[in-house]
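# Structural characterization, general
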Amino acid sequence: MSFGKIIYRKNTELSKRIDMQKVPEHVAIIMDGNGRWATKKGLPRSFGHNKGVSVLKEILKASKNLGCKVLTVYAFSTENWTRPTKEVDFLINLFREVLRNEIEEIHQELIKIKFIGDLSPFPKDLKQLIYNSESLTKNNNSFLLNICANYGGRQEIVKVAKELAIKSSSGEIKPSEVNEELFNSELLTRGIKDPELLIRTSGEKRISNFLLWQLAYSEIYISDVLWPDFNEFEFLKAIIDYQSRNRRFGGIESLPNESFEDSQYSS
Ligand code: IPE
Ligand code: IPE
Ligand code: MG
């Protein structure tokens, strides 16, 4: 049997364990570990970033096939500018290449692409490419791919606070009207359901300034696999793990009425 067939069989077996009624609508991913993957192989870090792009393509396909509706990936954080200029330039160029090479296929697959973050520091031609890709795919409604580029959760929250302060001082809203709903409506992810599942690869157990508001009640899955080695099989494992979670949202597991009567709370 060929290698491809073995992988297909492994993935199919895993898929059978997935409850199709409980597939998360929105999955967010911190794609981490590209540099370590390359260094381990004695290669420049850029090789890890390149391989990371092909993994993203695989996971985009896998999540869409599974029935997810939104995939939000962390591609470049507001803190990533502190990396050596050569690496930053490489990553910026990778955005260009990926958009140029992949946008047609993304569009054919009826996927809408959206960039989330402060795009102002990026080169003019990249901003144009981003704008063109977003407008080409804006009416696609089979799936939404959010790419977080120069994104920081704290910066996003400060931006919302600023917008609301401006609206309040101009009299458009009253300070007493500020609530979660209004706050949500100013977020870069407005109109999109919060992620039910956050996956972080490479074993790091931190959020690194990603979607601080939106992840309030997301289930977190940490995979030790480095992003360039991540694949559909690992993704399906994350989904199965997510489906085993008991999401309580601060409440308790529902109890039959009589148990409540008998509980320690009854007088
Ligand atoms: C994630 O991989 C990609 C970006 C942050 C752009 P890293 O580049 O952080 O890889 P490690 O964590 O150093 O291995
Ligand atoms: C988070 O990874 C950002 C992206 C994946 C784009 P980092 O590698 O930048 O995060 P830290 O430095 O480990 O917190
Ligand atoms: Mg990293």
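Residues numbered from 1 in each chain as written. Chains lettered and ligands numbered in written order. Predicted model: local features only at pLDDT ≥ 70, side-chain atom pairs only at ≥ 80, totals over all residues. Heavy atoms only, no water.

## As for the side chain of Thr72
How we decide: In DSSP terms, a helix is any run of H or I states spanning at least four residues, a strand is any run of E spanning at least two, and both are numbered starting from the N terminus. For every residue, the accessible area (1.4 Å probe, protein chains only) is compared with the maximum for its type, and the residue is labelled buried under 20%, exposed over 50%, or partly exposed between those bounds. The definition of a polar contact used here is a pair of N or O atoms within 3.5 Å, where within protein one atom must be able to donate a hydrogen and the other to accept one, and adjacent residues in sequence count solely through side-chain atom pairs. Only heavy atoms matter for contacts: two residues are in contact if any of them lie within 4.5 Å across the pair.
Among the structural elements, Thr72 can be located in strand β2 (residues 70-77). On the basis of relative accessibility, which here comes to 1%, the residue Thr72 falls in the buried class. For Thr72, the side chain forms a polar contact with the side chain of His26, separated by 2.6 Å. One polar contact links Thr72 to Asn146, side chain to side chain, over a distance of 3.0 Å. If we ignore the near neighbours within four places in the chain, the residues touching Thr72 are His26, Val27, Ala28, Ile29, Asn146, Cys148, Phe210 and Leu211.

## What to know about the packing of helix α3 (residues 45-66) against helix α8 (residues 232-243)
Threshold: Comment: axis = line fitted to C-alpha atoms, over the contacting stretch for helices; angle = value between 0 and 180 degrees taken between N-to-C directions. Angles below 35 degrees are treated as roughly parallel, those above 145 as roughly antiparallel, those between 65 and 115 as roughly perpendicular, and all remaining angles as oblique. Each helix crossing is assigned a hand: it is left-handed if the near helix lies turned anticlockwise from the far helix by less than a right angle, otherwise right-handed if that turn is clockwise. Under this grouping Gly is polar, as are all residues other than the nonpolar Ala, Val, Leu, Ile, Met, Phe, Trp, Tyr, Cys and Pro and the charged Asp, Glu, Lys and Arg.
Their axes nearest at 9 Å, the elements α3 and α8 cross at an angle of 45°. Taken together, the axes of α3 and α8 are oblique relative to one another. For the pair α3 and α8, the crossing hand works out as right-handed. Here Glu58, Ile59, Ala62, Ser63 and Leu66 of α3 come into contact with α8, specifically with Glu232, Phe235, Leu236 and Ile239. A breakdown of the residues in the contact of α3 with α8 according to their chemical character gives six nonpolar, one polar and two charged.

## Quick notes on the site of ligand 1
The line we're drawing: A cutoff of 4 Å decides nearness: a residue is near a molecule or strand if any of its heavy atoms lies inside that distance of it. All accessibility values rest on the Shrake-Rupley procedure with a 1.4 Å probe; residue burial counts only the protein chains present in the view.
Lining the immediate environment of ligand 1, one finds 13 residues, of which Asp32, Gly35, Arg36, Arg45 and Arg83 sit closest. For ligand 1, an oxygen atom lies 2.9 Å from a polar atom in the backbone of Gly35. A distance of 3.0 Å separates an oxygen atom of ligand 1 from a polar side-chain atom of Arg45. For ligand 1, the protein covers 86% of the area, taking 380 Å² as the surface of the free molecule.

## Concerning the site of ligand 2
We apply this condition: For cavity detection a 1 Å grid was placed over the protein atoms alone, and a set of points counts as a cavity when a 1.4 Å probe fits there but cannot get out; an open set counts as a pocket when protein lies on both sides within 12 Å along at least five of seven lines, with lining residues being those that have an atom within 4 Å of a point. Think of it this way: a molecule belongs to a cavity or pocket when more than half its atoms come within 2 Å of the grid points there.
Around ligand 2 lies a shell formed by Ile30, Met31, Asp32, Tyr74, Ala75, Phe76, Ser77, Asn80, Arg83, Arg200, Arg206 and Ser208. Within the contact set of ligand 2, an oxygen atom lies 3.2 Å away from a side-chain nitrogen or oxygen of Asp32. One of the side-chain nitrogen or oxygen atoms of Arg200 is found 3.3 Å away from an oxygen atom of ligand 2. Relative to its free-state accessible area of 390 Å², ligand 2 is covered by the protein chains to the extent of 78%. More than half of the atoms of ligand 2 fall within 2 Å of the grid points belonging to the largest pocket.

## Thoughts on the layout of surface pockets
Just so we agree on the cut-off: Grid points are joined across faces, edges and corners, and a volume is the space filled by probe spheres set on the points.
Taken as a whole, the largest pocket holds about 1,200 Å³ of empty space. The wall of the largest pocket is formed by 47 residues, among which Met31, Gly52, Leu56, Tyr74 and Trp227 lie closest to the centre. In terms of residue count, the dominant contributor to the lining of the largest pocket is α3 (13 residues). Broken down by class, the residue content of the lining of the largest pocket amounts to 21 nonpolar, ten polar and 16 charged. Taken as a whole, the second largest pocket encloses approximately 210 Å³ of empty space. In terms of residue class, the lining of the second largest pocket is built from five nonpolar, three polar and five charged.

## Observations regarding the nonpolar core
Buried together is how nonpolar side chains tend to be arranged in soluble globular proteins. The condition that has to hold: To form a nonpolar core, buried Ala, Val, Leu, Ile, Met, Phe, Trp, Tyr and Cys residues must be joined to one another through side-chain atoms within 4.5 Å.
Membership of the largest hydrophobic core comes to 46 residues, with the highest contact counts inside it found for Ile29, Leu71, Phe115, Ile199 and Phe235. If sequence neighbours within four positions are ignored, Leu71 has contacts with Val27, Ile29, Leu56, Ile59, Leu60, Ser63, Phe143, Leu144, Leu145 and Asn146. Formed by ten residues, the second largest nonpolar core is a distinct cluster that contains Cys148, Tyr151, Phe210 and Leu215.

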